[in-house]
2 protein chains.
Amino acid sequence: MPVRKSLPTALALGLTLAAGAHADEGMWMPTQLPELAKPLKAAGFKGDPTDLANVTAPPLSAVVRAGGGTASFVSGDGLLLTNHHVAMGVIQYNTTAEHNLINEGFIANGRTDERPSNPDFRVLVTVGFDKVTDQVLAQAKGKTGRAYFDAVDAASKQIVADCERDGSVRCSVADMYYGTDFYRISQLELSDVRLVYAPPRAIGNYGDEIDNFMWPRHTGDFTLLRAYVGKDGKPAPYSTDNVPYQPPAHLNMSIDGPKAGDYAMLAGYPGITYRHRTAAEFASQIDSVLPRRVELFQQMIDTIEAATANDAQAHTRYASQLQSLKNNRKRAAGELEGLLRSDAKVQRAADEQAMLAQADAKYQADIEALLGNLSQGAAVGERTLLLDQLAGQSQLLRSALLLERLRIESAKPDAQRETGYQQRDQQLIEGVLKQVQRRYAPQVEKALLTRLLTRYQQLPDAQRVPEFDAAFGRTGQALANALDTLYAGTRLGDESERLSRFNAARTGKALAADPLIALAGPLVAAQLRMEGESKAREGEQLRLRPAYMQALFAWRAKQGRAVYPDANRTLRISYGKVEALHPRDAVNFDPVTTVAGIVEKNTNAYPFDAPKPLLEAIAKGDFGTTADPVLKTQTVNFLTNLDTTGGNSGSPVLNAKGELIGLNFDSNWESVSASWWFDPRYKRAVHVDMRYLRWLLAKVYPAPALLEEMGVPAE
Amino acid sequence: MPVRKSLPTALALGLTLAAGAHADEGMWMPTQLPELAKPLKAAGFKGDPTDLANVTAPPLSAVVRAGGGTASFVSGDGLLLTNHHVAMGVIQYNTTAEHNLINEGFIANGRTDERPSNPDFRVLVTVGFDKVTDQVLAQAKGKTGRAYFDAVDAASKQIVADCERDGSVRCSVADMYYGTDFYRISQLELSDVRLVYAPPRAIGNYGDEIDNFMWPRHTGDFTLLRAYVGKDGKPAPYSTDNVPYQPPAHLNMSIDGPKAGDYAMLAGYPGITYRHRTAAEFASQIDSVLPRRVELFQQMIDTIEAATANDAQAHTRYASQLQSLKNNRKRAAGELEGLLRSDAKVQRAADEQAMLAQADAKYQADIEALLGNLSQGAAVGERTLLLDQLAGQSQLLRSALLLERLRIESAKPDAQRETGYQQRDQQLIEGVLKQVQRRYAPQVEKALLTRLLTRYQQLPDAQRVPEFDAAFGRTGQALANALDTLYAGTRLGDESERLSRFNAARTGKALAADPLIALAGPLVAAQLRMEGESKAREGEQLRLRPAYMQALFAWRAKQGRAVYPDANRTLRISYGKVEALHPRDAVNFDPVTTVAGIVEKNTNAYPFDAPKPLLEAIAKGDFGTTADPVLKTQTVNFLTNLDTTGGNSGSPVLNAKGELIGLNFDSNWESVSASWWFDPRYKRAVHVDMRYLRWLLAKVYPAPALLEEMGVPAE
């Protein structure tokens, strides 16, 4: 990344930002932090930035992936802190008819009482992070399109295979800056993880969906786990002979709490962002993709509601699909609302225009080619969405497409099969085929397909697919006839019919005749062709985006700003401060909440049903050393302007001295659009104040041994 | 009011309030303000408090009753400022197929274009306010119960008759401090009132039900009217010959706007409060009345929803009744929530206990008798509510009861009939009988009556009424049989059957036979008996409450506090300040909103469908002299801690110099319980900033002549 290295060090980044720059935006690779020494110091960081550069050394080596999120070691004996919602599977797994650990919470009575996690729960400790760009791109150079894609794919697979050869680590290759750089990541995979401490659901998920994305918040969304390894110190499956893992580092909990303006930083594994996408992609997202999703999801919602209005059984069967559509619709609408509020399209376009105006001429051809390529993908955007939903919103049609694709993939050696159709995926496929009965009603599926395919029929010719036209015709009448015939004739509504074909498909054998299976033949062939076209476009993007990124590096350097890679589930650091939120005219939210809010929200009914011991402890007011010295009461959650996204759940929040002050668990609703655009006015992250955790463990659901293990007072 | 007069003048009331006293609580009679000179000055009032004492002299003579609320004169030519929602009937009356003045708004093109109000709209200008306590109580002394009630009632009616004899004014007698003092109020009744200026509904009622009771608010809830009189200056019915009324005073609009901490005061006609009710009445309200209402309204809601679930026509017919029940339920629940949040029961009980502990012995017997009397009323509280709802929630049963009562009352001379059954009420009764068709479905009415009467059947014997027991039996089976028989046999479902009986009833003649009419005979007889019992209890309360109030005056004087009478639709003044709201943990609302909030809330769909001219003017940012000098933008609404209740709609808000700065139009949701308990932490009133009105009239929907008439700049 030569551009970043050429940054004029005299520029105090945090202090001389150009207009429009965001002081607190950034999910930085740890290796970037030494370059950010000046803004880090200016923001209030008291430590040495070079200490943060190495993901395999303390303190970052204390930060791990866990479940779908992040966790951190908080003792030398493998004690792990993460969110209640990240550890929900572990808690659920240990719930029995006698002991509902979700509702009651759990405190292990000593280490022998710590409970095993569900078998698929994993903790990944990063032990290697190395640039492998040259290796990945060696065979790709000179190629284009699909060939470029395949060369990168093959090189990456080779690097992973080499890395995993001795069996000690799990490896992956991460693409940084959209094809510009590649890193090999090696991780220890710990599978013996145990439940140590969980608060009751009414603390860990106080407010549930009503408060989700909301601030002010009053949720104790944390759980403590412990990682175990074999007596040799190496990862091992669960065994009573295992011993606590001795992590390379653990975080120290602060005694002091956060207050407005305090420096804060966070480390974690953010999922995916789109911040460095082109202005055209922003415009497409705002003008087409999101409005289209809102509209289509609403149509699906209306269709299901109308088709189940007078059929209680169908209503129940589609309840989960309906809820999921409503969530997706709300999310897309919120993202659109946020991007419009931030005027992101105009701002991104102005920024890109300024960048292009002074970009090095050598990048010009590639950038132009990239923009052309992207417009090809955008041109088939509606078709892609509609065809995805054909399977996504149906049960029998999805089953037929799944079986046909499985049959095709199963004819290849396992390693060459498409992801999702390999041996290890077959249990999941079987599950999908088995759950049809609980989620299917023929009139609803036909109504949904009619809606989707009617929309498909209205697409311009350039987006049309001959196989789909042949299958469903080009008129409403033809479509109705096709669906009537298909659903009158198919036997896939019977579980045994599906499962017998599943057994054939997994061995690559021909499937017993059925109208939907017959239909799936040409449709899957068309899907495979479109997948190929898509991979060719992706290959070109992989080849061309680095030119765009280089122009961006140069432009940002001129502005005195460094560039972080868009999030991709690799370890990142954000820094910023504890900050209030002014979301709307005349509305101001404090950055710290207190237990008074728990009482105010409490209705004694789910989801605001705070446990009696908590309410009594609040009424008693015995907050001891965990009370805030200024507020004179117990704090609960706090708010920072740290840059986060999905995957940052469970990220530790550190103060200027690198001590643990919080646990990230959510964002505010106004920042749902931050995956595309960071707006410093609205982007906030929501954390559990570690003083609340300490108070709960000291006074409400006591676990003094754990407090001692974490090195903090037990009162 | 000897106690108030004996207040030690050395006590600076606003500065030496005892613990628990509320600096800003109080709906003062204007005559009390000279006594409040010190706290008024301390609060920041710059004028002479004695100027505020006379309701018939400037500036209070500018404040009038209008429709269901308050208005004020804002020019020497009878221009009146009130709320859009207070003047809604006037706007609606002038709406035609061509011109929907509700949606479009209205600007009169000169005085000849000003539009007449609906015939029943009245403006009342207070021209006399005199104490008549001795006269009212002269014949009541020595009497008790019903006789006391009747003596007060007769004396009051005589005073009104004497006062209205020359036909120039309309009079009433107001009871202050619950029977302690009585005032004769004389008012000019202006019936020629015309519409001058109304903003579009999407300004005047921006946000509608969603924003109702909410803060932050962005509503231009104002309308300008003009009062006209005959050429002789006397009230006259509408005529094109009439001339603008020259009011005894008008308010001057301030050029400056409000900011946090500024002194503010408000004058108006607040409806009803219960602040000086006994601790037992508070306890009953919180423990019984409100929970019972919430529960019963919810049962009615559930009953209607269940009974109309599969009947679209019935669903439509009961939509309005259902909405009304939901509003009433929400309101009762909100009041209960507020009283619980403020711990009003405990606080009121502690206050009363302290008062009683040092009350003069001479009051003791009356106070004890009062508390005994109140408990009698409370003991039949559930029965009263249930029997009220029998008529309130039904159509045919209500019709039968109404017809029977009308028949009985119509046999008396008109003046002696019960209010509601006089000649002038008959049109309303006919309307009730006619609307049955649009609001009735037999299975829903039976379901509602079954629910109410089942609850009635469960009442203890002491609350039972023989006539109702005889009519509906004492078991579920008997009730079902009775309702089945009644509704199978009645012909009151036909409009002609109801109206022919109406024609008989209004002349006191016997009603044609019908099962529901036959039932109504004994039921109405029982109602009349219970009404008599209730009036006897009321008479006793009228006799006994003054002792309680005297004890309260003495106790408050000891605390250094004056006592205002509970609100009773007479002219009152509140004073306090512009103040922010901190309603919940970590939530802070500014006391002033700006046009930015209109844009933020706007969805282009009702009720957040700001008109295009408004949005364009906001985008243009041309706020001229009406912009806030600190915020540098246009303000919209503001918040004070002024003491208000229903009836204060349209009240003018004045600054320390007595200039008009705002127009009261709502309260915040947290203060819905303020009719019983003023909690200074939560009680706020919501006002239109007069700078917003000026900006709209200057730049958005221009009316420069009106601005000139009000003496403010037209830009």
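Residues numbered from 1 in each chain as written. Chains lettered and ligands numbered in written order. Predicted model: local features only at pLDDT ≥ 70, side-chain atom pairs only at ≥ 80, totals over all residues. Heavy atoms only, no water.

An unreviewed UniProt entry annotates chain A as Dipeptidyl-peptidase originating from Stenotrophomonas tumulicola. According to the UniProt record, the Function (unreviewed entry) comment for chain A reads "Catalyzes the removal of dipeptides from the N-terminus of oligopeptides." (UniProt positions renumbered as here; feature names shortened; annotations may be inferred.)

Turning our attention to the overall build of chain A. The helix and strand tally for chain A stands at 25 helices and 20 strands. For chain A, the C-alpha radius of gyration of 27 Å lies close to 27 Å, the compact-globule estimate for 715 residues. When its C-alpha atoms are laid out on the principal axes, chain A stretches across 75 × 70 × 60 Å. Across the 715 residues of chain A, 56% fall into the buried class. Taking contacts inside chain A between residues at least 6 apart in sequence as the whole, the part at least 24 apart equals 77%. Of the roughly 28700 Å² that chain A leaves accessible, carbon and sulfur atoms contribute 52%. (Helix = DSSP H or I, 4+ residues; strand = E, 2+ residues; numbered from the N terminus. Rg over C-alpha atoms; globule rule 2.2 N^0.38 Å. Buried < 20%, exposed > 50% of the residue type's maximum accessible area, 1.4 Å probe, protein only. Contact = heavy atoms within 4.5 Å. Areas by Shrake-Rupley, 256 points an atom, 1.4 Å probe, with all protein chains shown as cover.)

Taken together, 4 strands build an open sheet; the order of strands is β14(A)-β15(A)-β15(B)-β14(B) and the sheet is antiparallel. Edge strands, defined here as strands with exactly one partner in the open sheet, are β14 (581-584) of chain A together with β14 (581-584) of chain B. Averaged over all neighbouring strand pairs, the angle between strand axes comes to 30 degrees, with direction disregarded. Sheet topology note: the strand β15 (residues 587-589) of chain A/strand β15 (residues 587-589) of chain B ladder contains 3 bridges and is antiparallel. Bridge pairing in β15 of chain B places F589 of chain A opposite V587 of chain B. (Pairing = 2+ DSSP bridges. Axes fitted to C-alpha atoms, helices over the stretch in contact; angles between N-to-C directions.)

Take the relation of the copies chain A and chain B next. These two copies of the chain differ by a rotation about an axis and a displacement along the same axis. Superposing chain A onto chain B takes a rotation of 179 degrees combined with a translation of 0.0 Å along the rotation axis, leaving an RMSD of 0.1 Å. Taken together, these values place the two copies in the relation of a two-fold axis. Considering only C-alpha atoms, the part of chain A nearest the rotation axis is N588 of chain A, at 2.5 Å. Both copies contact each other with a shared surface, as 100% of the interface residues of chain A are interface residues in chain B too. (Least-squares fit on C-alpha atoms with pLDDT ≥ 70 in both.)

This part covers the environment of Y564 of chain A. Residue and element names in this part refer to chain A. You can see Y564 is positioned in the loop between α21 (515-558) and β13 (572-577). Residue classification places Y564 among the buried positions, given a relative accessible area of 3%. C-alpha of Y564 to C-alpha of S288: the two residues are 276 residues apart in sequence and 27 Å apart in space. With residues up to four places along the chain from it excluded, the contact list for Y564 reads E25, G26, M27, W28, Q32, Y177, R275, H276 and D643. Within the structure, Y564 has its side chain in polar contact with the side chain of E25 (distance 2.4 Å). (Polar contact = N/O pair within 3.5 Å; in protein donor to acceptor, adjacent residues only side chain to side chain.)

Right, let's get into the state of the cysteines. Residues and elements named next belong to chain A. Inspection of the entire model under this criterion finds 2 disulfides over all chains. Between C163 and C171 runs a disulfide, and the two sulfur atoms are separated by 1.9 Å. On the sign convention where negative means left-handed, the S-S torsion of about -60 degrees between C163 and C171 marks this disulfide as left-handed. (Disulfide = S-S within 2.5 Å.)

Before going further, it helps to examine the packing of aromatic side chains. Residues and elements named next belong to chain A. Counted under the stated rule, the structure contains 28 aromatic pairs over all chains. Taking the centre distance of 4.8 Å and the plane angle of 85 degrees together, the rings of Y177 and F553 count as edge-to-face. Within this pair, whereas Y177 is found in the loop between β7 (170-176) and β8 (181-190), its partner F553 is found in helix α21, the two being separated by 376 residues in sequence. For the pair shown, Y177 and F553 are each scored as buried. Sitting over the ring of W669, K330 keeps its end group 5.1 Å from the ring centre. (Phe/Tyr/Trp six-rings, centres within 6.5 Å; stacked < 30°, edge-to-face > 60°. Lys NZ or Arg CZ within 6 Å of the ring centre and 35° of its normal.)

Right, let's talk about the domain arrangement of chain A for a bit. All names here are of chain A. By the assigned domains, chain A splits into domain 1 (60-251) and domain 2 (279-544). Inter-centroid distance (C-alpha atoms) of domain 1 to domain 2 is 30 Å. Every contact between the two is made by 11 residues of domain 1 and, on the other side, 9 residues of domain 2. Roughly 910 Å² of surface becomes buried between domain 1 and domain 2 when both sides are summed, with 66% attributable to carbon and sulfur atoms. Looking at the side of domain 1 facing domain 2, the largest losses of area belong to R146, Y148 and F149, adding up to 52% of the total buried there. (Domains from an automatic or database assignment. Buried area = accessible area lost by both parts, 1.4 Å probe.)

The next subject is the pairing of strand β1 (residues 63-66) of chain A. In summary, the side chains of a regular strand alternate between the two faces of the sheet. Residue and element names in this part refer to chain A. Going residue by residue along β1, you find V63 and R65 tucked away on one face and V64 and A66 tucked away on the opposite face as well. Of the pairings in the sheet, the one linking β1 to strand β2 (residues 69-73) comprises 4 bridges and is antiparallel in character. Bridge assignment links A66 to a residue of β2, and that residue is G69. The turn linking β1 back onto β2 is made up of 2 residues, and G67 within it adopts a positive phi angle of 55 degrees.

This part is about the packing of helix α15 (residues 396-410) of chain B against helix α16 (residues 426-434) of chain B. All names here are of chain B. α16 packs onto α15 with a crossing angle of 155 degrees between their chain directions and a minimal axis gap of 10 Å. Classified by the angle between their axes, α15 and α16 sit roughly antiparallel to one another. Taken as a pair, α15 and α16 cross one another with a handedness that is left-handed. Of the residues in α16, those touching α15 at R398, S399, L402, L403, L406 and S410 are Q426, I429, V432 and L433. Taken together, the residues that form the contact of α15 with α16 break down as 6 nonpolar, 3 polar and 1 charged. (Parallel < 35°, antiparallel > 145°, perpendicular 65-115°, else oblique. Left-handed = near helix turned anticlockwise from the far one by under 90°. Nonpolar A, V, L, I, M, F, W, Y, C, P; charged D, E, K, R; others polar.)

With that settled, consider unusual backbone geometry. Residue and element names in this part refer to chain B. Cis geometry is adopted by the peptide bond preceding P59, which originates at P58 and carries an omega value of 0 degrees. As for its placement among the helices and strands, P59 is situated in the loop between α2 (37-43) and β1 (63-66). Following Y606, the chain continues into P607 via a peptide bond in cis, with omega recorded as 0 degrees. Mapped onto the elements of the fold, P607 is located in the loop between α23 (595-601) and α24 (612-620). For R569, which is not glycine, the phi dihedral falls at a positive 70 degrees. Relative to the helices and strands, R569 resides in the loop between α22 (515-558) and β13 (572-577). The class of R569 is partly exposed, set by a relative accessible area of 36%. Unusually for a residue other than glycine, A586 sits at a positive phi of about 70 degrees.

Our focus in this paragraph is the pairing of strand β19 (residues 660-667) of chain B. All names here are of chain B. For β19, a buried count of 8 out of 8 residues is recorded, marking the element as mostly surrounded by other parts of the structure. With 3 bridges connecting them, strand β18 (residues 652-654) and β19 associate as antiparallel partners. Within β19, the residue paired with P652 across the bridge is L663. The hairpin turn running from β18 into β19, its antiparallel successor, is 5 residues long, and G658 in that turn takes a positive phi close to 80 degrees. Of the strand pairs in this sheet, β19 and strand β20 (residues 685-689) are connected by 5 bridges, and their pairing is antiparallel. Along β20, the bridge assignment pairs S667 with A685.

Here we come to the environment of L385 of chain A. In this structure, L385 of chain A sits in helix α14 (residues 381-392). L385 of chain A sits 96 residues away from V289 of chain A along the chain, and the two C-alpha atoms are 9.1 Å apart.

Another aspect to go through is the interface of chain A and chain B. Bring the parts together and some accessible area is lost; that lost area is often taken as the interface size. The interface is formed by 15 residues belonging to chain A together with 15 residues belonging to chain B. Where chain A abuts chain B, roughly 1100 Å² becomes buried across the two surfaces, and 44% of that area is made up of carbon and sulfur atoms. Among the residues chain A hides against chain B, the three largest losses belong to D585, A586 and N588 of chain A. Together they make up 48% of the total. Our enumeration of links across chain A and chain B arrives at 0 salt bridges. For the pair chain A and chain B, the number of links is 11 residue pairs in polar contact (both at pLDDT 80 or more). Tallied by class, residues from the side of chain A that touches chain B come to 6 nonpolar, 5 polar and 4 charged. (Salt bridge = Lys/Arg side-chain N within 4 Å of Asp/Glu carboxyl O.)

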